[in-house]
Each structure stands twice: as structure tokens, then as C-alpha cells.
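As a plain string of letters, each chain reads:
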Amino acid sequence: MLQKLSIIFWVSVVIWLGILSGYWFVFWSSQEIYTSQNTLKITNEARFVSDLWRTVYLDNEELRSVLLVFRGSDNIKWYKIHSVCNTHSEYKFSYRDIHFFLLEYLDEHCENSTVALKNQDIIISRSLGTLSFSSRNKEFSVLLDMDDAQLSWYDHELARRLRWIGVFRNYNQNITLQTLPNHFKKYQALEIGYMRRLIWDIQEWRQKKYISPVPGYHIEKQANKVPNAGRPYREWYTDGVHHGWDIDAPLWTPIVALDDGIIVRVRDGFKADDFREIVYWSDVSYEQQLENLDILRWNQVWHKTLKGEVIFYSHLDEVNPGLQDGMYIERGSYIGTVGITGVPGTWYEDFHLHFDVKIPPFTPGREGTYTLMEYMKWPWSWKWQSRQDVYSLIDTMFEK
Ligand SMILES: [Zn+2]
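Rules of the game
- Residues numbered from 1 in each chain as written.
- Predicted model: local features only at pLDDT ≥ 70, side-chain atom pairs only at ≥ 80, totals over all residues.
- Pairing = 2+ DSSP bridges.
- Helix = DSSP H or I, 4+ residues; strand = E, 2+ residues; numbered from the N terminus.
- Axes fitted to C-alpha atoms, helices over the stretch in contact; angles between N-to-C directions.
- Contact = placed C-beta atoms within 7 Å.
- Core = buried A, V, L, I, M, F, W, Y, C linked by C-beta atoms within 7 Å.
- Buried ≥ 20, exposed ≤ 12 C-beta atoms within 10 Å, placed from the backbone.
- Domains from an automatic or database assignment.
- Parallel < 35°, antiparallel > 145°, perpendicular 65-115°, else oblique.
- Left-handed = near helix turned anticlockwise from the far one by under 90°.
- Nonpolar A, V, L, I, M, F, W, Y, C, P; charged D, E, K, R; others polar.

A. Inspection of the sheet that holds strand β1 (residues 46-51) at higher detail. With respect to topology, 4 strands assemble into an open sheet ordered β1-β3-β6-β5, the strand pairing being antiparallel. Looking at the sheet topology across the chains shown, the edges are occupied by β1 and β5 (87-95). Each strand of the sheet is rotated relative to its neighbour by a mean of 30°, with strand direction disregarded. Sheet topology places β5 next to strand β6 (residues 98-105); 8 bridges connect them, and they run antiparallel. In the strand pairing of β6, Y91 is matched with F101.

B. Up close: the environment of E309. Position of E309 among the secondary structure elements: in the loop between β14 (300-305) and β15 (310-314). Along the backbone, E309 and F362 are 53 residues apart, and their C-alpha atoms lie at a distance of 9.9 Å. Sequence-distant contacts of E309, defined by excluding residues within four places in its chain, comprise V357, K358, I359 and P360.

C. Representation of the nonpolar core within the structure. In this structure, I255, V301, I311, F312 and Y313 are the most contacted members of the largest nonpolar core, which totals 31 residues. Only α2 (136-143), β13 (261-267), β14, β15 and β18 (352-358) provide two or more residues apiece to this core. If you count residues domain by domain, this core takes at least three from each of domain 3 (135-207) and domain 4 (223-397). Residues within four places of I255 in sequence aside, it is in contact with P213, V214, Y313, L316, I335, G336, T337, V338 and L353. Residues W53, I81, F101 and L131 belong to the second largest nonpolar core, which totals 20 residues.

D. Expanded view of the packing of helix α3 (residues 148-165) against helix α4 (residues 180-205). At a minimum axis distance of 10 Å, the contact between α3 and α4 shows a crossing angle of 160°. Between α3 and α4, the interaxial angle falls into the category roughly antiparallel. Crossing geometry of α3 relative to α4 is assigned as left-handed. Across the interface between the two elements, L151, Y154, D155, L158, R161, L162 and I165 of α3 pack against K185, Q188, A189, I192, M195, R196, I199, I202 and Q203 of α4. Broken down by class, the residue content of the contact of α3 with α4 amounts to 10 nonpolar, 2 polar and 4 charged.

E. Spatial organisation of unusual backbone geometry. A positive phi angle, near 50°, is found at R96, a position not held by glycine. With respect to the helices and strands, R96 occurs in the loop between β5 and β6. Residue classification places R96 among the exposed residues on the basis of 7 C-beta atoms within 10 Å. Notably, W384 is not glycine yet its phi reads approximately 65°, a positive angle. Tracing the backbone through its elements, the reader meets W384 in the loop between α6 (372-377) and α7 (387-397).

Distances and angles like these do not, on their own, reveal function.
Laid out in C-alpha cells, this is it:
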């Protein structure tokens, strides 16, 4: 009996050792094979060819997937796509040594443009590709620099392209080599639809009048508070003219956006020392005069309305800390509070909002590229028109 048991014991010891060493041998040898192949793979295995849909629109469910094309051996089918953003990737199909992967962006805000294939934990450097992103706000920043005629022309052009794409039949939701042309056309059609809806939104919105940026306070017909009013006491370091509008209101009265639009500049952090930046010479350049005026307005928020006009709200005491360049704001959203930042003289207590309405030149080819100095140079609304004309035009611009 004991003999039998010891035989069973020794047999099982031998079996276990065999299994363990076998595993070890297999493990060890596969490691070797894996490492040596891997070294080869890094240099030769996969290469990024292109992204078939050219732009990823992060804020649109149907337009935030992109079909990526890689070239390489059959193995790369099992690889994953690497992106810093939150994405989902899927191998779709192959044609010879060309492989198609669908990549979907799951996060509206991550715009890291680099993608690559990844074999386990190794990113294949030759497979690095760069994508381009867009969003409603980015497209707006270009479209808002077009006048009504340019927008209509662009809309017609898009409609023409849509007809040219023609009817696409999409019998199968699966992306295969056979359905690829249909999917490509579908993507283009969706993209055109996306752009046209933005244009229509702008066209419709442009019919509206602005609201008062200080709720409860009206735009006043007062000689010294409207565009073109004289500012003779500043003539020796500015152009001596009032470009915008003043609305008197108590300190810390909330200021809101007078229209929907895109934030183009936020300037905060006024200190009394900042007045030293003003250049006091009677012969300062026009640019320097504009810079001086900018110092006299200090805490400011600038935004481009859907009409394409640039508005700035100035002398703010508080600036809404949530505002950032490129952000979309709706009319009525909080901009900051009434203050006197940028107004020289500590005795000064005429708290008011000063805001300008700058008229765009709508220069073809310049859409989305204007600089801050150019915005400053854009003429103010009703520049050099008589006071009576300005008074009578107020109701055409602002809601009562
Ligand atoms: Zn003013």
C-alpha cells in the first residue's frame, strides 16, 4: 500500500516537474521569439497612409468617427489604435496589405491630433498619423467673418457640391471595400449638412436686435455717452473721441452678453501701476493711441457676435472667471460687473459700462485671421455720423 502511494507520489512529482519545465521552456522561447520579431516589427511592420474622412467634428455624433488607413502585414489587424484622447477603435477590413480602422472620439473636448497603431504596449512609430479637428465654434470663427452675401454664396456652393455628390445608397451599415464609396459620400454629405446648418443659424440670428448689456438699464440718448462724443481732455494721447457707449449703473451691477457669439479676448487683473504703460506724446501713432485707449478700459471681455461685429465690455470690476478665448456664449450670459478699472483718478465714482460695437470689414480671404490690433482699427458703429442720426439709429440696433 505504502509502496503504491510512494510510486504515485514520485510519478506525480515527475509529471509536475515536466509540466513546469515545459511551461518554462515554452515561455522562455516565446519571449525570445517575441522580442526578436518585435525589433523587426518596429521598423517595418506598419505605416500610416491617410485618414479617409478629413476632419473630425468633435461636437457631432455622426462626424466624430474617422476611418484610418494603415499599410502593413496581416498582423496589424490585431493591433489597437493609440490616442491620448478617450477613443474607441475597431478593425474594419483589409485590401491586400492595406488595413482600415474606424476610430471614434468619445470626448468632445480632447483635441490631441496624434494617432498610431499600438502592438500590446508598443507604439509603432512609423504608424504615427495626424488628424484635424473642428467644432461648431471653430467653424463659427470663420463664418462670422463673412457678410450676408458671402454666406449666401457659400451656402449655394455647398448645395451645389451636395448635388454633385449625388444620391448615395447605403444598403449596408457595415464598412467594407464594396460600401466604402457610399460611406465616403455619406460622410461628405453629412459634413456639408453640418456647415449649412451653421450658416442658416447665423443668417436667422442676424435678423435679431441686441439686448442691453446691463439688464434693467437702457441705452441712453445723451450727448456724452454715445459714439463720436468728444473726449478733448484725452486728445494728447488718444484720438480724443468716444468710440462706444456708456451705460451708468451702480458698482457691481451684472453685465451680460448683448448677443450670442464667440469670446475673442479676456483681459483681467488691473493694477493702478498699469497706467505707466500709457505713452503720453502729442504725436503718438494711431496704433499707440489705440493701445492707450485699451489701457484706459482695462478689465475687458471681447466677443464676436453672430452679426460678425466685435463687442467689448470694459472698466469691469469682476470678469467672469469662466470665460475663455474661443468659447461660445449665449446672449444674456454673465460677463462681469460694472466697475471703473482703467479710469484714472481714485476720486472717480461715475461707475459705468463702456462698450464698443466694432464693424467688420468682411474682407474675403481674411476669415478667422484678424488680429487684436485689426479689431481695434475696425470702425466703431456709426463713426462720424451726427448725434441726431445716432439717436435715431439706436432703435434699429437695440431692443427697447
Ligand atoms: Zn465710454
